[in-house]
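Survey of secondary and tertiary structure
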Amino acid sequence: MHPTRLSAAVAALALTASLAGTLAGTASAAAPAPRPVPPGHGKSLALAAADKAADSGLDGLRHGVDEELVRTAVTPWSGGLYYATYQRTYKGLPVAGGDAVVLSDSAGKVRDVTSAPAPAIRLSTKATVSSAAALATARGQLASVESASTPELTVLLKGNKPVLTWHTLVVGRTAKDLPSSLDTYVDARTGAVARATDKILHADGRGYHNGNVTIDTAAGSMTDTSRGSFKCGGQNGSAYTGSSPWGNGTANDLVTACVDIMYAAQRESDMLKQWFGYNGQNGQGGMVPARAGLSEVNAYYDGTKTTYGRNQNGTMQLTGIDVVAHEYGHEIFDRTPGSSGSSNENGGMNESTGDIFGALTEHFANNPNDTPDYTVGEKLNFLGDNKPIRYMYNPSLANNDPNCYTQLSSGTEVHAAAGPQNHWFYLLAEGSNPGGGKPASPICSGGPSSVTGIGIQKAGKIFMGALLMKTSSWNHLAARKATLSSAKNTYGSAECNAVKAAWNAIGVPAQSGETDCGGTTTPDFSLALNPASGSVQPGASATSTVNTSTTGGSAQTVQLSVSGAPSGTTVSFSPSSVTSGGSSTMTVQTGAGTPNGTYAITVTGTGSATHTVTYQLTVGSGNPQPGGCDNAEYTYQGTLASGQAQAQPDGSYYYSATSGTHTGCLRGPAAADFDLYLQKWNGSAWVDVAVGGTASADEDVTYNGTAGYYRYVVHAYSGSGAYTLGLSAP
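Quick summary incoming for the structure in this document. If you're wondering where the values come from, they're calculated on a predicted model, not measured in any experiment. (Residues numbered from 1 in each chain as written. Predicted model: local features only at pLDDT ≥ 70, side-chain atom pairs only at ≥ 80, totals over all residues. Heavy atoms only, no water.)

**What about helix α6 (residues 344-365)?**
Applicable threshold: Numbering goes from the N terminus for both helices and strands, where a helix is a DSSP run of H or I of at least four residues and a strand is a run of E of at least two. In a helix, the anticipated span is given by 1.5 Å times the number of residues less one. For the exposure calls, accessible area comes from a 1.4 Å probe over protein chains only, and a residue counts as buried if that area is under 20% of its type's maximum, exposed if over 50%, partly exposed in between.
With 22 residues, α6 should reach 32 Å at 1.5 Å per residue; the first-to-last C-alpha distance of 32 Å fits that figure. The element α6 is largely enclosed, with a buried count of 20 among its 22 residues.

This is the structure in structure tokens:
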């Protein structure tokens, strides 16, 4: 055994979230029945289900040959729910577009799936334009450059077509001396700019001064290490130094401006944690640093920092609560799945997100110097008329901005395009006629006669949950579906119906497949393949287990069918239909004349709904599934890349009700070094009780143990390929 072998495997599985997604299915018998979930194991069940869905290409998660969906983030939510974010890759390169989110629960069920549309990708990954040349092109878009990231070779999905590009973020100023942060993709073959989106979202602010407040800083500088790298200073990027009390309370003192900035940003961070259980603006407990003292009538977020200027008359700094929270609302939008999109509609929804978090933060802070409201810039006097620049309850009151979704066009200016979603949020939070001194809100043509609000805290949590299902193709139609799912999964039928009524009131139509808000759970099911791929020679066969689960309502009959098999290949299911929660063995039998190649075979399950998964079949190349564990009571299969690990059975565990002998048999790919660990739950963690760690692909372990929860972990110490695991239990 290598001296570091055990520690390497433990590191790979220190968090069960690190388990790979290609988990195997039962081939020879029903799996040992699990008992109630061990404490803390719900997260691993949720993520195993999400990873299986991604690996199997469930519905919108479908991916073609040489594509993978790689889990990049996990966000816990209330009620034992988890949002898992996936980025598409092609031959190991990141793909801009085609991203996805899976919502799953602690019982191992997939609740919802969202994905940005993606075509099957086929293109050469060889660049003819150098990284340096692409960077020069990207930098050339700006008159002056403050910073530029190292270009990364990326597949950009542009107009539903893949383009090989160099991706970089360039921060600086335009020829008109305006701040800019260009998210740039340079064509790696022609050298032209394929797409450039400015991440700078200029937000008009409100007045200044929150009174005497408490902020979190270091003893001698305006830094807040409890919230990541958050700090506030001048335009050179350094934090202001000094001591408490900070600032002198005057309108244009920049240290005082930083007091207001830090107060608002910290209250927003607290609001996210206390109201929504979300970990700060960046989702990891922190936020970007802030700079005060911009000598312009502006405030903005550029992906690396927030910056604040002065009002039109130069009488105050733009550091009111809703301005600061608006800018950090852009960071929330940017750092949630899908990031900031490139469309004008997406930009308007980004602006609206800033306004919504401004209102949420004002209500959470409840500062008497800035009473909570649903207007933006009401104390700034930006236009010289002492009026707000946006009205969330009636957007048309400012510049005749659109109230309704049907009034939007591709040319609507992004701040004006914030109107419909702002209007929706006010209706959801307060209703159309809230009373109590709050303004009434109009309803668009074709909407309900009235809307009853559910309160700003519930509305905010539903909105936050929807942002965690955002993809790069985010628009109002997708937001309707996501907020309905968020409301039903977070709260229930009443809140879901309120969300639906608010969308109807601004003219966003119902969408196919959207959540049913009924008081009972809509019958539904999910599919997964184990394994999701196989390699055979012509004339040989491969098998996979089609696992089903009931995700809503009662169990139902699911009829299985297939399409896309190559010529000379037959696919059969045993049985051909199952009751959801059961499984079927799929046998793929190739013919002697089946052409070599890799094929995507679509497996369809039809019941009260229709769902699909994808099996990747490689004929004539690759390594066949190893055998040699024929005497085992249960058999599982999977595929690992070097350094990866998988838990079996099926990413989960089994329960042994009596004492006795546990045996495990691992057969891995030739020339690889795979290890096998038998682990037992000790009440708080999984611990190794038997280890097969020789420098080979094949391992055998035996353990005589007492009753309890057990699982096997297969670890690819070196080498990659398919494996077979056989196990027997008392």
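**Brief notes about the pattern of salt bridges**
Two side chains with opposite charge may pair up if their charged atoms get near one another. Keep this limit in mind: Criterion for a salt bridge: a side-chain nitrogen of Lys or Arg within 4 Å of a carboxyl oxygen of Asp or Glu.
Across all of its chains, the model carries 19 salt bridges by this definition. Of the charged contacts, one joins Lys305 and Glu146 as a salt bridge, the two residues approaching to 3.4 Å between their closest N and O atoms. Highlighted residues: Lys305 in the loop between β14 (299-301) and β15 (306-308) and Glu146 in strand β6 (residues 144-148), separated in sequence by 159 residues. Since its relative accessible area comes to 5%, Lys305 is described here as buried. Note on Glu146: relative accessible area 48%, which makes it partly exposed. A salt bridge links Arg227 to Asp216; the shortest N-O distance between them is 2.8 Å. Within this pair, whereas Arg227 is found in the loop between β11 (223-224) and β12 (230-233), its partner Asp216 is found in the loop between β10 (193-198) and β11, the two being separated by 11 residues in sequence. Overlapping salt bridges bring together Asp216, Asp224, Arg227, Arg267 and Asp270 as one network.

**Details of the packing of aromatic side chains**
Aromatic rings considered in pairs are described by the distance between their centres and by the relative angle of their planes. To be explicit about the condition: Working definition: rings of Phe, Tyr and Trp (its six-membered ring) pair if their centres are within 6.5 Å, and the pair is stacked with planes under 30 degrees apart, edge-to-face with planes over 60 apart, and tilted otherwise.
Per the stated rule, a full pass over the model turns up 20 aromatic pairs. With a centroid separation of 6.1 Å and an interplanar angle of 50 degrees, the aromatic rings of Phe357 and Phe463 are classed as tilted. Separated by 106 residues along the polypeptide, Phe357 in helix α6 and Phe463 in helix α8 (residues 456-467) bring together distant segments of the chain. Just as Phe357 is buried, Phe463 falls in that class too.

**Some details on the state of the cysteines**
The condition that has to hold: Disulfide: a pair of cysteine sulfur atoms within 2.5 Å of each other.
Here the structure, examined in full by the defined rule, presents three disulfides. Each sulfur in the disulfide pair Cys232 and Cys258 lies 2.0 Å from the other. What sets the handedness of the Cys232 and Cys258 disulfide is the S-S torsion sign, and at about -75 degrees it is left-handed. In this pair, Cys232 sits in strand β12 while Cys258 sits in helix α4 (residues 254-276), placing the two residues 26 residues apart along the sequence. Comparing Cys232 with Cys258, the two get one shared label, buried. Across a sulfur-sulfur distance of 1.9 Å, Cys404 and Cys444 are joined as a disulfide pair. Measuring the twist about the S-S bond at about -95 degrees, one finds the Cys404-Cys444 disulfide to be left-handed.

**Describing the packing of α4 against α8**
Geometry of a packed helix pair, given as the angle between the helix axes and the separation of the axes. To keep it simple, the criterion reads: Simply put, an axis is a line fit to the C-alpha atoms, just over the touching stretch for a helix, and the angle between two N-to-C directions goes from 0 to 180 degrees. Working rule for angles: under 35 degrees goes down as roughly parallel, over 145 as roughly antiparallel, 65 to 115 as roughly perpendicular, anything else as oblique. Contacts between residues were defined by any pair of non-hydrogen atoms, one from each residue, lying within 4.5 Å.
At a minimum axis separation of 10 Å, α4 and α8 run at an interaxial angle of 95 degrees. Considering their axes alone, α4 and α8 lie roughly perpendicular with respect to each other. Across the interface between the two elements, Leu272, Trp275 and Phe276 from α4 touch Ile456, Gln457, Gly460, Lys461 and Met464 from α8.

**Details of the sheet that holds strand β18 (residues 524-530)**
Rules: For two strands to pair, DSSP has to find at least two bridges joining them.
Ordered by their spatial adjacency, four strands build an open sheet running β18-β20-β24-β22, and the pairing between neighbours is antiparallel. Every other strand in the sheet has two partners, leaving β18 and β22 (570-574) as the edge strands with one partner each. Across the sheet, the axes of successive neighbouring strands diverge by a mean angle of 25 degrees, strand direction being ignored. Pairing of β22 with strand β24 (residues 583-589) involves five bridges; the strand directions are antiparallel. Within β24, the residue paired with Ser572 across the bridge is Thr587.

**Concerning unusual backbone geometry**
Residue Pro531 is reached from Asn530 by a cis peptide bond, and omega for that bond is -5 degrees. Residue Pro649 is bonded to the preceding Gln648 through a cis peptide linkage, with omega at 10 degrees. Secondary-structure assignment places Pro649 in the loop between β28 (645-648) and β29 (654-656). Phi at Asp66 is positive, roughly 70 degrees, even though this residue is not glycine. In this fold, Asp66 is placed in the loop between α2 (42-56) and β1 (67-77). Take Asp66: its relative accessible area is 41%, and that puts it in the partly exposed class.

**Thoughts on the pairing of strand β9 (residues 179-187)**
Burial analysis of β9 places nine of its nine residues in the buried class, which makes it a mostly covered element. With burial as the criterion, each face of β9 is covered, one bearing Pro179, Ser181, Asp183, Tyr185 and Asp187 and the other bearing Ser180, Leu182, Thr184 and Val186. Across nine bridges, strand β8 (residues 161-173) lies against β9 in antiparallel orientation. If you follow Leu169 over to β9, its bridge partner there is Asp183.

**Quick word on α2**
Since one α-helical turn is 3.6 residues long, residues separated by three or four positions face the same way. If you check α2, its first and last C-alpha atoms are 21 Å apart, about what 15 residues at 1.5 Å a residue would give, namely 21 Å. The buried fraction of α2 is high, at 13 of 15 residues. At the exit of α2 stands Gly57, carrying a positive phi of roughly 70 degrees.

**Let's talk about the environment of Trp686**
Along the chain, the position of Trp686 falls in strand β32 (residues 686-692). Using a relative accessible area of 14% as the deciding quantity, one classes Trp686 as buried. In this structure, the C-alpha to C-alpha distance between Trp686 and Met262, residues 424 residues apart in sequence, is 42 Å. Once residues within four sequence positions are removed from consideration, Trp686 is found in contact with His41, Tyr653, Gln679, Lys680, Trp681, Tyr709, Tyr710 and Arg711.

**Looking at the nonpolar core**
The criterion, for reference: In this text, buried Ala, Val, Leu, Ile, Met, Phe, Trp, Tyr and Cys residues form a nonpolar core when linked through side-chain atoms within 4.5 Å.
Among the nonpolar cores identified, the biggest contains 56 residues, and Phe276, Phe357, Leu360, Trp424, Phe425 and Met464 are the most heavily contacted of them. Tallying contributions element by element places α8 first for this core, with seven residues.

**Concerning the side chain of His63**
Going by this rule: Counted as a polar contact is a pair of N or O atoms within 3.5 Å, where, for protein atoms, one must be capable of donating a hydrogen and the other of accepting one, and residues adjacent in sequence contribute only when both atoms are in side chains.
Along the chain, His63 falls in the loop between α2 and β1. Within the structure, the side chain of His63 is placed 2.9 Å from the backbone oxygen of Leu61, a separation counted as a polar contact. If we skip the residues at most four places from it in the chain, His63 touches Ala54, Asp55, Gly57, Glu68, Leu69, Arg88 and Gln616.

**Digging into the pairing of strand β27 (residues 634-640)**
The side chains of a regular strand alternate between both faces of the sheet. Where burial is concerned, most of β27 is hidden: six out of the seven residues are buried. Two strands pair when backbone bridges link them, and β27 and strand β35 (residues 721-728) are joined in this way by seven bridges, in the antiparallel orientation. Paired with Gly638 across the two strands is Tyr723, which belongs to β35.

**A closer look at the sheet that holds β27**
Read from one edge of the open sheet, four strands run β27-β35-β30-β33, paired in antiparallel fashion. For this open sheet the edge positions go to β27 and β33 (699-705), each flanked by a neighbour on one side alone. Direction aside, neighbouring strands of the sheet carry axes that sit 20 degrees apart on average. Strand direction decides the pairing type here: strand β30 (residues 660-667) and β35, joined by five bridges, are antiparallel. Across the sheet, residue Cys665 finds its bridge partner in β35, namely Gly726.

Read these as geometric descriptors, not functional statements.
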